[in-house]
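The lines below spell out each chain.
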Amino acid sequence: MRRRPRLLLLLPLAGLMVTGVWFWNAHRVRGYLRQAEAALKRHDLASAAGHLDHYLEHQPGDTAAWFLAARTGRRLGRYPEAEQCLKRCQELGGVTDATRLEWDLFRVQQGELGDIDKRLRMTIAPDHPDSAFVLEALAHGYLKGERLRDVVDACELCLARQPDYPWPWLLRAKVFDQLGNFNQAQADYERALEKAPHEREARLALGTLLARERHPGLAAEHFQYLLERSPEDADALVGL
């Protein structure tokens, strides 16, 4: 008979513990999304993608997060993953103007230009919130199609609107690199890394250019940086 009051006292305590664990877990899961958003603000796409993967493992019904994962994957060139994320986003939230645009960018970035680039140029005004994403995707597509003048035009339009955006610097640098203008290419690669120090593609390209131009010490610094982040990076290992 004496044990029952103790049990009655323990029940609310147990309830509080369960509630506390639930809130802690919810806070931890939301933390993944916050970390992803912070990574995107500092232009660290790879880190953002990893945090979004963790978040969606726990919150598979978040339509907006699936869209963000699709866009991030597409920008990283991880097309199969991006496609699956975008399909999942539409399964949950239906077809929207945002998903239609993202499908266009998905195709354009891989070089499927056709009439899509003309339509995008006509419908996405400079003040559109996604204008930088559109110009970035177009520049990638033009580069694949060797439309180098169009790459430069898209990059310069983007830089005129958002000079702190790193990818126009990177893509324009690739054009200068192809044309043999190595001084300008190096300057643009360096500007891209100023804006996004973790950008693998820019750092690898700059290291490769420096090695080719016989600056092995400077080149090695960039390859070592990449290997510190990802010891299995085969391209950085070869460069080093």
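Please refer to the structure placed before this passage.
Nothing here was measured: the structure is a model prediction, and the numbers come from that model.

Draft legend 1. Representation of the nonpolar core in the model. Residues Leu105, Val108, Leu120, Val134, Val151 and Tyr189 are the most contacted members of the largest nonpolar core, which totals 47 residues. Contributions of two or more residues to this core are made by helix H5 (97–109), helix H6 (116–123), helix H7 (131–144), helix H8 (148–161), helix H9 (166–178), helix H10 (182–195), helix H11 (200–212) and helix H12 (216–229). Ranked by the residues each element gives to this core, the list is headed by H7, at nine residues. Sequence-distant contacts of valine 134, defined by excluding residues within four places in its chain, comprise Leu101, Leu105, Leu120 and Ile124. Counting 19 residues, the second largest nonpolar core, distinct from the first, contains Val29, Trp66, Ala69 and Ala82.

Draft legend 2. Examining the side chain of glutamate 102 more closely. Relative to the assigned elements, glutamate 102 resides in helix H5. With near-sequence residues (within four places) excluded, glutamate 102 lies in contact with Phe67, Ala70, Arg71, Arg74 and Leu86.

Draft legend 3. A look at the pattern of salt bridges. The full count for this structure, using the stated rule, is 20 salt bridges. Aspartate 153 is the salt-bridge partner of arginine 149, the closest N and O atoms lying 3.1 Å from each other. Note that arginine 149 and aspartate 153 are positioned in helix H8 at a spacing of four residues, about one turn of the helix. Overall, the relative accessible area of 52% leaves arginine 149 in the exposed class. Note on aspartate 153: relative accessible area 31%, which makes it partly exposed. For glutamate 156, the salt bridge goes to arginine 172, with nearest N and O atoms at 3.4 Å. With glutamate 156 in helix H8 and arginine 172 in helix H9, this residue pair connects regions lying 16 residues apart in the sequence.

Definitions and cut-offs
Residues numbered from 1 in each chain as written. Predicted model: local features only at pLDDT ≥ 70, side-chain atom pairs only at ≥ 80, totals over all residues. Heavy atoms only, no water. Core = buried A, V, L, I, M, F, W, Y, C linked by side-chain atoms within 4.5 Å. Buried < 20%, exposed > 50% of the residue type's maximum accessible area, 1.4 Å probe, protein only. Helix = DSSP H or I, 4+ residues; strand = E, 2+ residues; numbered from the N terminus. Contact = heavy atoms within 4.5 Å. Salt bridge = Lys/Arg side-chain N within 4 Å of Asp/Glu carboxyl O.

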